[in-house]
Amino acid sequence: MTDRRRTMIDSLATWAAAADRDWVDPDGDGTFGWYGTGYDNWGVQTNQKYLGAVGALAALTEDDRLARRALAALRFSIRSHRSGGGSCADGKPWGHTWISALGIERMMYGVDLLADRVEPELAAGLDRMLVSEAEWIRTAFHRGRSRGVVGGLWNVSGRNAPESNLWAGALLWRTAQRVPDHPQRPVWEELARTFMINGVSVPADRNDPTMIDGRPVRERFRGANFFDSYALDHHGYLNVGYMIICVSNAAILHFDLKRRGEPAPEALHHHQADLWRVVRPLIAPDGRLLRIGGDSRVRYAYCQEYLLPSLCYAADRLGDPEAIELLDAQLDLIVREQRGNPDGSFYGSRLAELAATSPYYLTRLESDRACALGTALADLDQLEDSGTALRQAQDTAGSWSWIDHDHQAVALRDEHRLASFSWRAFSGTQGLCVPLVDGSLAEWDLNLAPEITVLGDQGEPGRLSRAVTRSRVTEVEGGFVTSGTVVEGVRLSIPEGWTGGDGARTMIAVAALPDGHTMIGIHRTVTADWWVGIGSVKGLHLNVPNDVLNDSRRRYVHAGGTVELEPGAAEQLALGRWVAVDDVLGAVGLWGSGELIMDRSARRRGGPQHSLFVDELCFPHWTGPKHLPPGSVLVEHAFAVLAGCDTATTARFADANPARPADLDGELAGATVTALDGHRYRLLLNLAETPVRPELPAGAVDLAGEPGELGPGEAALYRL
């Protein structure tokens, strides 16, 4: 047994023992029960994911007790389905919804591994359930107001359904192979192919003559769910996590069919290799998914988990030689967090507050990690049995750049950093400048964008009400430049009776320099033309996670000394104009906003569910409430962030770029630095509402190759 396999089995076994506390045995005889709440929807799927993980663990370790437990969970899943005549713990049967196929897909690997223990009556019930779901999909599949196979680029259309197209197609195909004598088998198989073609579908598919499974792609095309760049607007923002979910759904059926010796349609793999070429550079060497568009969920949970089977698929089907090394790295993250939980659960300490308020959701997350781990364990057995190379290799993603003008997003990965900026992130605006040597330094919400809290803000849970009014992204050789304008406090309401909006305007310009390390930026926030109430201002807003995934300790070195910080203290620390974090990340104030302030919280605050301790480097930082006169300047500064740089390099950069007065020349704001490649660069942002032609020294080169006027809110990067 390999060390990898032993680690995965030990982790699952430890979790399964901890999960006993959430197991319900209503009859007390061990033959029927459920994990979690047993409710419809995610409650049912939580039990199904538990079933898959425990079933796989039982089969691979020949554990009779766990096998009986998995079969008890299977009985509940079958009896409580609409075809089984029973009900869930909430009194309702489950099934026949747009998402009910997903839980089935995620449990079937465990069921297959226990096939010799599934008695004929239970097997017949399973087939009956599969046929019932397949027939519902065939006759009445709907999502919202849409019916049938759907596709739409934008979430707001109600037709963006890449992952549900994939899992619906997978269930249809799976059922056709398991129940080969059913009269609808040919219909299921053809409909499955159509669903799969419209999983990772792009606009070019509309006219694509490529033959897949006997028909041109264009004949099965129903709508594009991904942009031509393979950007995905799922849940209303640039959603890298759901790009991975789409890979994982293909992975699940791919390995299940391979295990059973059954044929797979070529449509299952449609554009998966193209999608992988985009998401692969967004995985740090330590296994963390770098979500350049942010995340609306618990940190390092749902979508991150399903990277595990996706990596197995990338190794087996897509030929990625580094995929298994990345899996090992992610496995290390899982084990590291689990070992910090005295109860053996996956999230016991970090999500203790969620456990107290929503066992329904917590058990969902626990079962997701177990399911993904169990799936990968079963998949790796097939990789090893088939002789697929599992060679270890250094991360060799190399230099990579990507741009999507629809989402106004740009990203760059080179040897030392992942740099990105998105104007359609979950938090609206989001930048990253992450040292690849430590992916734990990535945290998404409003990163590298001022956090302005206007009194009465009526944003959605976990995010302020903000609106991007204009933006532009441009690639340059070895970097990028982007700029835009954001309205802060779009929706305001104060009890009793006052409403308003548009409390301030933020202008942002950011450039990733061609030196392989540095990002520079300009921020300017000004209140509206009325007396605006401000709750707090956090300029720069460089998030620094400090939780179990980095062993709950950060080391900050600045000109005044060194501090080592563990999470849990609410305080603000003045750090001067530069700081180095853990000898791999630096931040430097170039002009304006005083000194860097570290804002710390006694409670976790990362993400809407507050699932991560996060320190926030601010420039400036102050709290109100304050009512300020019209046109008050809240933030006005330039900064630099250095990824993959040690303390000495950060200090030398600060010395080479000493503090200076505000770089404001009429209607232009600027930031000029001597970068680590020895070149001098100048970033200019037009603050005016009219075009401006900048005056530049002789020999200055516009790196975008677009010399001339800067439009309102536009920025340009020059090499001097």
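The structure displayed is predicted, hence computed values, not measured ones.

A. Spotlight on the sheet that holds strand E24 (residues 585–591). The antiparallel open sheet is built from nine strands, whose spatial order is E12-E13-E16-E17-E28-E24-E23-E20-E21. Pairing within the sheet leaves two strands with one partner each, and these edge strands are strand E12 (466–476) and strand E21 (561–565). For this sheet, the mean angle separating the axes of adjacent strands, direction not counted, is 15°. Pairing of E24 with strand E28 (residues 633–643), which is carried by six bridges, proceeds in the antiparallel orientation. Bridge pairing in E28 links Gly589 to Phe639. Packing of helix H16 (residues 647–656) onto the sheet brings it into contact with strand E17 (518–527), strand E20 (554–558), strand E23 (578–581), E24 and E28, and relative to E23 it is tilted by some 165°.

B. Up close: the confidence of the model for the protein chain. Of the residues in the protein chain, 97% have a pLDDT of 70 or more, and the chain-wide mean is 95. Counting contacts from residues 142–146, a segment whose pLDDT is below 50, to residues more than four positions away or on other chains yields twelve contacts. Note on residues 387–397: pLDDT is under 50 here. Beyond four places in sequence and across chains, it has 25 contacts.

C. Highlighting the sheet that holds strand E30 (residues 668–674). A sheet is described by the order of its strands in space; here five strands give the open sequence E29-E30-E31-E33-E32, paired in antiparallel fashion. For this open sheet the edge positions go to strand E29 (664–665) and strand E32 (701–702), each flanked by a neighbour on one side alone. Where E30 meets strand E31 (residues 680–686), seven bridges bridge the pair, whose relative direction is antiparallel. When the bridges of E31 are listed, Thr674 appears paired with Arg680.

Scoring rules and cut-offs
- Residues numbered from 1 in each chain as written.
- Predicted model: local features only at pLDDT ≥ 70, side-chain atom pairs only at ≥ 80, totals over all residues.
- Heavy atoms only, no water.
- Pairing = 2+ DSSP bridges.
- Helix = DSSP H or I, 4+ residues; strand = E, 2+ residues; numbered from the N terminus.
- Axes fitted to C-alpha atoms, helices over the stretch in contact; angles between N-to-C directions.
- Contact = heavy atoms within 4.5 Å.
- pLDDT = per-residue confidence, 0-100.

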